[in-house]
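Single-letter residue listing:
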Number of protein chains: 2
Amino acid sequence: MKRSLEHIVDKEGTETLANFAKALGHPTRIAILKHLENQSCCYTGDLVEIFPLAQSTVSQHLKELKNAGLIQGELRPPKIKYCINQEKWSIAKSLFQQFFD
Amino acid sequence: MKRSLEHIVDKEGTETLANFAKALGHPTRIAILKHLENQSCCYTGDLVEIFPLAQSTVSQHLKELKNAGLIQGELRPPKIKYCINQEKWSIAKSLFQQFFD
DNA sequence: AATACCAATCGTACATTTACGATAAGAAAT
DNA sequence: ATTTCTTATCGTAAATGTACGATTGGTATT
């Protein structure tokens, strides 16, 4: 790999990793993801009952996780079912893995 | 393990993990750590030359990494040598590892 | 003791994050 | 069409994060 290209790739990887880390940088969001790992899926309302937070706050955290690509929402009227986005999840996993050696 | 204790431990683990993630949640801090992984150690001045940031800004990022426990500084007058804190590093590593399964 | 060097800290400005209550939006069921 | 249920979005306030220049602090060296 060319040296210049190396730098670009590394820069991208760094930014991507920082982005994932930022999304994981709040206890509530970690807890949501842990819950999704156990349950595989859940509805917004479930989380609102679990956490001592307003519904709007939980929704906001879900939005950030969705923006980071770590979860995805599926319409299950009148609810919305959230699951981990396995594709992005494994990307994040390997980025953290290789970061920590 | 008792159920109640389980919750406490999990809660702590969640918070610790979120804390590490937060420290990793900025491209500059990821880049600093990547650099430290390569070099094993470096001085503040080295980083100031690498990054297009003010000395005070770099220092601030170093402080956050130090607060998170991921790095440690050692007096090498008139410089300060920074290294990865291997102990905390491996704690962070295993927390992320088990988080991602 | 005075100087020089390097890095931390201070003060500050601006942007982002986090939380809340209130309101709007979407899809089904009546 | 209206109502109901669930969740997203809006508006807002307080806290935190990020960046800078200027200043301070700490450690040798002269």
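In short, a report on the structure. (Residues numbered from 1 in each chain as written. Chains lettered and ligands numbered in written order. Predicted model: local features only at pLDDT ≥ 70, side-chain atom pairs only at ≥ 80, totals over all residues. Heavy atoms only, no water.)

1. Observations concerning the pairing of strand β2 (residues 71–76) of chain B
Residue and element names in this part refer to chain B.
For step 1, the next point in the chain: As defined by bridge partners, β2 adjoins strand β3 (residues 79–84) across 6 bridges and the pair is classed as antiparallel. Paired with Gln72 across the two strands is Cys83, which belongs to β3.
For step 2, the next point in the chain: Taking the residues between adjacent antiparallel strands as the criterion, β2 and β3 are bridged by 2 residues. (Pairing = 2+ DSSP bridges. Helix = DSSP H or I, 4+ residues; strand = E, 2+ residues; numbered from the N terminus.)

2. Digging into the protein's contact with DNA strand D
For step 1, the next point in the chain: What surrounds DNA strand D is a group of 23 residues, the closest being Ser59 and Tyr82 of chain A together with Ala54, Thr57 and His61 of chain B.
For step 2, the next point in the chain: In DNA strand D, the atoms that sit within 4 Å of the protein are 66% sugar and phosphate, with bases accounting for the remainder.
For step 3, the next point in the chain: Gln55 of chain A places a polar side-chain atom, nitrogen or oxygen, 2.9 Å from a base nitrogen of DNA strand D.
For step 4, the next point in the chain: At 2.8 Å, a side-chain N or O of Thr57 of chain B approaches a phosphate oxygen of DNA strand D.
For step 5, the next point in the chain: Among the secondary structure elements, those contributing two or more residues to the surface near DNA strand D are α3 (44–50), α4 (55–67) and β3 (79–84) of chain A together with α4 (55–67) of chain B.
For step 6, the next point in the chain: Of all the elements, α4 of chain B adds the most residues to the surface near DNA strand D, at 5 residues.
For step 7, the next point in the chain: Looking at the surface near DNA strand D, its residues break down into 8 nonpolar, 10 polar and 5 charged. (Near = heavy atom within 4 Å. Polar contact = N/O pair within 3.5 Å; in protein donor to acceptor, adjacent residues only side chain to side chain. Nonpolar A, V, L, I, M, F, W, Y, C, P; charged D, E, K, R; others polar.)

3. Overview of the state of the cysteines
Residue and element names in this part refer to chain A.
For step 1, the next point in the chain: The full count for this structure, using the stated rule, is 2 disulfides over all chains.
For step 2, the next point in the chain: Put simply, Cys41 and Cys83 are joined by a disulfide, and their sulfur atoms are 2.2 Å apart. For the disulfide bridge between Cys41 and Cys83, the dihedral angle about the S-S bond is near 105°, and by the sign convention the bridge is right-handed. With Cys41 in strand β1 (residues 41–43) and Cys83 in strand β3, this pair connects stretches of sequence that are 42 residues apart.
For step 3, the next point in the chain: Of the residues examined, Cys41 reaches a relative accessible area of 22% and is grouped as partly exposed.
For step 4, the next point in the chain: You can call Cys83 buried: its relative accessible area is 13%.
For step 5, the next point in the chain: In this model Cys42 remains outside any disulfide bridge; the closest cysteine sulfur is found in Cys41, 7.7 Å from its own.
For step 6, the next point in the chain: Cys42 sits in the buried class, given a relative accessible area of 2%. (Disulfide = S-S within 2.5 Å. Buried < 20%, exposed > 50% of the residue type's maximum accessible area, 1.4 Å probe, protein only.)

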